[in-house]
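Observations on chain architecture
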Amino acid sequence: MRISLSFGWIVFLGLVIFVMGVIAAWLFSPVTLNTDWSKTEDLRNWAILIGAIFGFPIFIWRAFAADRSANAAEQGNITERYVKAVEQLGSDSLFVRIGAIYGLERISIDSLPDYRHVMEILAAFVKSKLRLPADMTKVQAILARQKPKLKDVPSRGADIAAALIVIGRRKQSDHRDEPLLDLSMTNLDGALLQGMNLRGISFFRSALPRAGLQGADLTGSDLRKAILVDAKLTDAILHQAMLHKANLTGAKVDDGINQATGITEEQLSRAIKIKKPS
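Heads up: these notes are all about the structure in this document. In this text, all values refer to a predicted model and were calculated from it rather than measured experimentally.

How each quantity is defined
- Residues numbered from 1 in each chain as written.
- Predicted model: local features only at pLDDT ≥ 70, side-chain atom pairs only at ≥ 80, totals over all residues.
- Heavy atoms only, no water.
- Helix = DSSP H or I, 4+ residues; strand = E, 2+ residues; numbered from the N terminus.
- Buried < 20%, exposed > 50% of the residue type's maximum accessible area, 1.4 Å probe, protein only.
- Salt bridge = Lys/Arg side-chain N within 4 Å of Asp/Glu carboxyl O.
- Core = buried A, V, L, I, M, F, W, Y, C linked by side-chain atoms within 4.5 Å.
- Contact = heavy atoms within 4.5 Å.
- Axes fitted to C-alpha atoms, helices over the stretch in contact; angles between N-to-C directions.
- Left-handed = near helix turned anticlockwise from the far one by under 90°.
- Nonpolar A, V, L, I, M, F, W, Y, C, P; charged D, E, K, R; others polar.
- Expected span 1.5 Å × (residues − 1).

**Looking at unusual backbone geometry**
- Despite not being glycine, M185 shows a phi value in the positive range, around 50 degrees.
- The residue M185 is located in the loop between α7 (158-168) and β1 (252-253) in this model.
- For M185, a relative accessible area of 12% translates into the label buried.

This is how it looks when you write it as structure tokens:
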């Protein structure tokens, strides 16, 4: 939190007025009035005391100014790290990209104002690498059971996995103003997302066949028209998750699916209901 310069001056002047009042009270106190000002030792002691009292506000102001300078330097350092990490996401080196991803995560922890931007950039990075083709006839190939590889969509690499891990381990309780991330129209075939925080993420028309979503928190997520063929959704938190027209053929679900919205009996009939042991 930044403190304005005018507020700093108000604090400084308030301290000065307070100190002047203390000095006035001491000067007119019985002890002061009975002091023998002809004695050098008494004069020296009072001079030291008055000097210390006057020096205290100056010390406070210098500490305040130093703190402001340190904060400005720290913010400048975070900005430099942020810009460098974003640039490195476009590197040809896989290891540089992975380092940039974890560097951005560190920034999101160190700088709360940058948290939202970091998560949105990582989501955009994943989506740009795994965006589904607009031609839905090609998307339908993902429904095949033999785990096809779409020629128009690159396969996931370690950098994509790292970005998904960072997105998935967000701590919801630490950030009430959680950004609504966009992973719509994204190819997440077979993605391992178990136990991840996927709250509020848009997976609209995304492909998640064979995805591991066991124990994932999908509260409020948008899964409308998503392909969830053979996905594993047991123990997933689906409170207010939107499943309108989602393809649940062969998906493994449990009673938690009833917390979702927009789901029909026809959709459920295509899923595989797993009963928890009593």
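**So, the pattern of salt bridges**
- Summed over the entire model, instances satisfying the criterion amount to 11 salt bridges.
- Linking K127 and D182 is a salt bridge whose minimum nitrogen-to-oxygen distance equals 2.8 Å. Of this pair, K127 sits in helix α5 (residues 115-130) while D182 sits in the loop between α7 and β1, and the two are 55 residues apart along the sequence.
- Take D182: its relative accessible area is 36%, and that puts it in the partly exposed class.

**Considering the nonpolar core**
- Residues L198, F203, L208 and L228 are the most contacted members of the largest nonpolar core, which totals 52 residues.
- Counting residues per element, the ones that place at least two in this core are α3 (40-88), α4 (94-110), α5 and α7.
- The element contributing the most residues to this core is α5, with eight residues.
- Those residues in contact with L228 that lie beyond four places of it in its chain are L208, P209, L213, L243, A246, N247, L248, T249 and A251.

**Digging into the environment of D110**
- Among the secondary structure elements, D110 is positioned in helix α4.
- Taking the C-alpha atoms as reference points, D110 and I78, separated by 32 residues in sequence, lie 8.2 Å from one another.
- In this structure D110 touches I78 and R81, once residues within four positions along its chain are discounted.

**Things to note about the packing of α5 against α7**
- Where α5 contacts α7, the axes come no closer than 10 Å and their chain directions differ by 145 degrees. Here α5 runs over α7; the crossing is left-handed. Between α5 and α7, the residues in contact are M119, L122, A123, F125, V126, K129 and L130 and D159, I160, A163, L164, V166 and I167, respectively.
- Of the residues contributing to the contact of α5 with α7, the split by class is 11 nonpolar, no polar and two charged.

**So, the side chain of D159**
- Residue position: D159 is located in helix α7.
- Setting aside anything within four residues of it in sequence, one finds D159 in contact with L94, R97, I98, I101 and F125.

**A short note on α5**
- With 16 residues, α5 extends 23 Å between its outermost C-alpha atoms, agreeing within 8% with the 22 Å of an ideal straight helix rising 1.5 Å per residue.
- Along α5, the residues classified as buried are Y115, V118, M119, L122, A123, F125, V126, K127 and L130.

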